Amino acid sequence: MPGDGKRPVGEPEGTGAPWEMSPAVEVRGLTKRFGDVRAVDGVDFAVAQGECFGLLGPNGAGKSTTIKMLITLLPPDEGEAWVAGYSLRTQARRVREAIGYVPQALSVDGTLTGYENLLLFSRLYGLPRVLRKARVEETLERLGLIEAAHRPVRTYSGGMIRRLEIGQAVLNRPRVLFLDEPTVGLDPLARQGVWDHIRRLQQEHGMTVVLTTHYMEEAESLCYRVAMMSRGRIAALGTPDELRAEIGKPDATLEDVFAHFAGAFEHESGGMRDVLRSRRTARRLG
Ligand SMILES: Nc1ncnc2c1ncn2[C@@H]1O[C@H](COP(=O)(O)OP(=O)(O)OP(=O)(O)O)[C@@H](O)[C@H]1O
Ligand SMILES: [Mg+2]
């Protein structure tokens, strides 16, 4: 924890220790199988209110599947989770009302303008008609998209599209925001822009954020704690500094920490380094 008296990025607010508050997300024994594949295999973790929590791991680790269960898109085979205090199994509708979700794949319509995309979602979320216009404008403003508001989204840069998708997901002011790979395929500057906006949302609204990422610097920059997933299980969980201390290397990079806990996949095809290499040049919109 830095000694300059400032809160570390992503640390939950509150007077007492973060873990004294009731968690925004609590996951117990969550499991999902696809045929013989145990995509998520008995995962446990809790996220404090206002915390930014990161799920890290290589392709196929089970990050998206975990998120999809937490947003009620996929029913778990075993286990239970509570989101914003509501049970996934018995209060799915309540869970859906309390969350925002930015999927790994594209979630906006390129033929519509940014304004139209948000207006569509404000109707979908059932925002009262009198609130819609103001909320859409405020959201575009907050995400730095007001000047581009009336241009078709297909003319936006990757970073602008990602910010619009985040705007879409926070229109109904969710208590917990789930982001599946928020900056995949973006250049460093655009990525920084998305990080700034996530941080602002989190700090200004006290929003809890759960994100998945392959980028260690993203986790380090945004997340208070991270869970390292490997083959459906959590290999390690803690603040980056705690994890470094755990392996006895206070100067290690998160990649080193990850390699330590998850061992083999640095050398496998489809491992962390391959993913970083291939995605660095990826373009989300062809
Ligand atoms: N709908 C599905 N049907 C069958 N298998 C699936 C399905 N969704 C995921 N899987 C499998 O479950 C495992 C976990 O996938 P998941 O998408 O959760 O991984 P991930 O960590 O998000 O990976 P990535 O970094 O590539 O996004 C993988 O082996 C994947 O092939
Ligand atoms: Mg995924």
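Everything here concerns the structure above.
Here's what I pulled together on the structure shown here. Sequence order as written defines the numbering, with residues in each chain counted from 1. Here the convention is simple: chains get letters from A, ligands get numbers from 1, in the order in which they are written. Only residues with pLDDT of at least 70 get local features here, since the model is predicted, and only at 80 or more are side-chain atom pairs given and counted; chain-wide, interface and lining totals rely on the full set of residues. In computing side-chain values, all of the structure's heavy atoms are included and hydrogens and water are not.

### So, empty space enclosed by the protein
Phase 1: Definitions used throughout: a 1 Å grid over protein atoms alone; a cavity as a set of points that fits a 1.4 Å probe which cannot get out; a pocket as an open set with protein on both sides within 12 Å along at least five of seven lines; a lining residue as one with an atom within 4 Å of a point. Grid points are joined across faces, edges and corners, and a volume is the space filled by probe spheres set on the points. Under the counting rule described, the total for this entry stands at one cavity of 30 Å³ or more.
Phase 2: By volume, the largest cavity amounts to about 40 Å³.
Phase 3: Along the walls of the largest cavity sit Arg-142, Leu-143, His-197, Arg-200 and Leu-201, which together make up its complete lining.
Phase 4: Numbering of helices and strands starts at the N terminus; helices are DSSP runs of H or I of at least 4 residues and strands are runs of E of at least 2. Top element by residues in the lining of the largest cavity is helix H6 (residues 188–205). It accounts for three residues.

### Here we look at the sheet that holds strand E3 (residues 52–56)
Phase 1: What makes two strands pair is DSSP finding at least two bridges between them. The strand order across the open sheet formed by six strands is E6-E7-E8-E3-E9-E10, and the pairing between neighbours is mixed. At either margin of the open sheet sits one strand with a lone partner, and together these are strand E6 (99–102) and strand E10 (233–238). Across the sheet, the axes of successive neighbouring strands diverge by a mean angle of 15°, strand direction being ignored.
Phase 2: Pairing of E6 with strand E7 (residues 176–180), which is carried by four bridges, proceeds in the parallel orientation. Bridge pairing links Ile-99 to Val-176 in E7. Fitting a line to C-alpha atoms yields each axis, with helices limited to the stretch in contact; the angle taken between N-to-C directions then spans 0 to 180 degrees.

### Here we look at the site of ligand 1
Phase 1: The immediate surroundings of ligand 1 are formed by 14 residues, with Asn-59, Gly-60, Lys-63, Ser-64 and Thr-65 found nearest.
Phase 2: Asn-59 is positioned such that a nitrogen or oxygen atom in its side chain is 2.7 Å from an oxygen atom of ligand 1.
Phase 3: One of the side-chain nitrogen or oxygen atoms of Thr-65 is found 2.5 Å away from an oxygen atom of ligand 1.
Phase 4: Every accessible area reported is derived by Shrake-Rupley at a probe size of 1.4 Å, with residue values counting cover from the shown protein chains alone. In isolation ligand 1 offers 630 Å² of accessible surface; the protein chains occlude 62% of this area.
Phase 5: The set of elements that each furnish at least two residues to the shell around ligand 1 consists of strand E2 (37–47) and helix H1 (63–70).
Phase 6: Charged residues are taken to be Asp, Glu, Lys and Arg, nonpolar residues to be Ala, Val, Leu, Ile, Met, Phe, Trp, Tyr, Cys and Pro, and polar residues to be all remaining types, Gly included. Looking at side-chain class alone, the shell around ligand 1 contains five nonpolar, seven polar and two charged residues. We call a residue near a given molecule or strand whenever any one of its heavy atoms falls within 4 Å of it. N or O atoms within 3.5 Å of each other form a polar contact, as long as, within protein, one can give a hydrogen and the other can take it, and as long as residues adjacent in sequence are counted only when both atoms are side-chain atoms.

### As for unusual backbone geometry
Phase 1: One non-glycine residue, Arg-173, adopts positive backbone phi at about 50°.
Phase 2: Within the secondary structure, Arg-173 is located in the loop between helix H5 (158–170) and E7.
Phase 3: Relative accessibility decides the category of a residue: with a 1.4 Å probe and only protein chains considered, values under 20% of the type maximum give buried, values over 50% give exposed, and everything between is partly exposed. Overall, the relative accessible area of 41% leaves Arg-173 in the partly exposed class.
Phase 4: One non-glycine residue, Arg-231, lies in positive phi territory at about 50°.
Phase 5: Within the secondary structure, Arg-231 is located in the loop between strand E9 (225–230) and E10.

### Digging into the nonpolar core
Note that soluble globular proteins tend to have their nonpolar side chains buried in a common cluster.
Phase 1: For this analysis, a nonpolar core means a set of buried residues of the types Ala, Val, Leu, Ile, Met, Phe, Trp, Tyr and Cys, connected via side-chain atoms within 4.5 Å. Counting 47 residues, the largest nonpolar core has Leu-56, Leu-140, Tyr-156, Leu-164, Ile-166, Leu-179 and Met-228 as the members making the most contacts within it.
Phase 2: No other element matches H5, which puts six residues into this core.
Phase 3: In this analysis, two residues are considered to be in contact whenever any of their non-hydrogen atoms come within 4.5 Å of each other. Setting aside anything within four residues of it in sequence, one finds Tyr-156 in contact with Gly-114, Leu-145, Ala-148, Ala-149, Arg-151, Ile-161 and Leu-164.
Phase 4: With 27 residues, the next largest nonpolar core counts Met-69, Leu-70, Ile-71 and Val-210 among its residues.

### Details of the packing of aromatic side chains
Think of a pair of aromatic rings as described by two things: how far the centres are apart, and how the planes are tilted against each other in angle.
Phase 1: Here is the rule: rings of Phe, Tyr and Trp (six-membered ring for Trp) pair when centre to centre is within 6.5 Å. Planes less than 30 degrees apart are stacked, more than 60 are edge-to-face, and the remainder are tilted. Going through the model one piece at a time under the given rule, you end up with two aromatic pairs.
Phase 2: Consider the rings of Phe-45 and Phe-53, whose centres lie 5.0 Å apart with planes at 10°: the pair is stacked.
Phase 3: Their ring planes at 65° and their centres at 6.0 Å tell us that Phe-121 and Tyr-125 sit as a pair that is edge-to-face.
Phase 4: With relative accessibility at 31%, the residue Tyr-125 sits in the partly exposed group.
Phase 5: In this arrangement the basic side chain of Arg-191 is found over the ring face of Tyr-215, its NZ or CZ atom lying 3.9 Å from the centre. Counted as over-ring charges are cases with an Arg CZ or a Lys NZ within 6 Å of the ring centre that also lie within 35 degrees of the ring normal.

### Side note on the sheet that holds E2
Phase 1: The sheet built from four strands is open, its strands ordered E2-E1-E4-E5 with antiparallel pairing. Every other strand in the sheet has two partners, leaving E2 and strand E5 (86–87) as the edge strands with one partner each.
Phase 2: Relative to E2, strand E1 (residues 25–34) runs antiparallel, the two sharing eight bridges. Bridge pairing links Leu-30 to Val-43 in E2.

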